[in-house]
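Here is how the chains run, residue by residue.
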Amino acid sequence: MTDRHIIRPGQGGDRDVFEYALLRVVPRVERGECINAGVLVYCRGRDYVGARTHLDEARLLALDPGADVPGVRAALRAVEGVCAGGAAAGQAAGDDAGRRFRWLIAPRSTIVQPGPVHTGLTADPDAETERLLELLVR
């Protein structure tokens, strides 16, 4: 066994490890159907937590014609607010980026749910957030 894929401190160049999770909209939990509506990214090395969302209303309504679209949009905006910090983060405003990310990825049974956490390397976590949104959501 080799350790060629293990990144040790100082070996990543200008890149840092980041974690990300998709935000899924599950309009009817009993059916198990979902659409991707956003991405959360956390990079400890850059003290970054960010979210980008995009709700495809037509896809949501195809899964559930009675879906609460304004409610889903409000939930997605709330996630972006928690990531942004400050007054928009509410009670989480005083928490560091890592605590806000961990709180957002905690399993929940609401209509907007986080998916599993994945990892990667990035030199620019904000650009990575946009890239993942384009790749996995839009």
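These figures come from a predicted structure and were not determined experimentally.

**Student:** Residue-level account of helix α2 (residues 69-84), with values.
**Tutor:** End to end, α2 covers 23 Å across 16 residues, agreeing with the expected 22 Å (1.5 Å per residue, within 8%). Tucked into the core, α2 has its buried residues touching β1 (16-25), β2 (35-43), β3 (48-53), α1 (57-63), α3 (97-105) and β4 (112-122). Where α2 begins, the side chain of D68 points an oxygen toward the backbone nitrogen of G71, at a separation of 3.0 Å. Where α2 terminates, the next one or two residues include G85, which has phi positive at roughly 80 degrees.

**Student:** Summarise the pattern of salt bridges; cite the residues concerned and give the values.
**Tutor:** Tallied over the full model, the rule gives 10 salt bridges. For the salt bridge of R46 with D16, the shortest nitrogen-to-oxygen distance reads 2.4 Å. With R46 in the loop between β2 and β3 and D16 in strand β1, the pair connects residues that are 30 residues apart, well separated along the chain. Judged by relative accessible area, which is 24%, D16 ranks as partly exposed.

**Student:** An account of the side chain of T122 is requested, with residue identities and associated values reported.
**Tutor:** Here T122 is to be found in strand β4. Residue class for T122 comes out buried when judged on its relative accessible area of 4%. From its side chain, T122 meets the backbone nitrogen of D124 in a polar contact 3.1 Å long. Separated by 3.4 Å, the side chains of T122 and E128 make a polar contact. Contacts of T122, omitting those with residues within four sequence positions, involve D14, R15, D16, F18, R46 and E128.

**Student:** Give a description of the nonpolar core that names residues and reports values.
**Tutor:** Of all hydrophobic cores here, the largest spans 25 residues; its most connected members are V25, L40, L55, L60, V72 and L76. Ranked by residue count, the leading element in this core is α2, at six residues. In contact with V72, other than residues within four places in its own chain, are V25, L55, L60, I111 and V112. Counting residues in hydrophobic clusters, the runner-up holds 10 residues, among them L22, V41, C43 and V137.

**Student:** Report on the pairing of β1, specifying residues and quantitative values.
**Tutor:** Along β1, seven of the 10 residues are buried, which leaves the element largely enclosed by surrounding structure. Alignment of β1 against β4, held across nine bridges, turns out to be antiparallel. By the bridge assignment for β4, A21 is matched with V117. Relative to β2, β1 runs antiparallel, the two sharing seven bridges. Across the sheet, V25 pairs through a bridge with I35, a residue of β2.

Conventions adopted
- Residues numbered from 1 in each chain as written.
- Predicted model: local features only at pLDDT ≥ 70, side-chain atom pairs only at ≥ 80, totals over all residues.
- Heavy atoms only, no water.
- Helix = DSSP H or I, 4+ residues; strand = E, 2+ residues; numbered from the N terminus.
- Expected span 1.5 Å × (residues − 1).
- Contact = heavy atoms within 4.5 Å.
- Polar contact = N/O pair within 3.5 Å; in protein donor to acceptor, adjacent residues only side chain to side chain.
- Salt bridge = Lys/Arg side-chain N within 4 Å of Asp/Glu carboxyl O.
- Buried < 20%, exposed > 50% of the residue type's maximum accessible area, 1.4 Å probe, protein only.
- Core = buried A, V, L, I, M, F, W, Y, C linked by side-chain atoms within 4.5 Å.
- Pairing = 2+ DSSP bridges.

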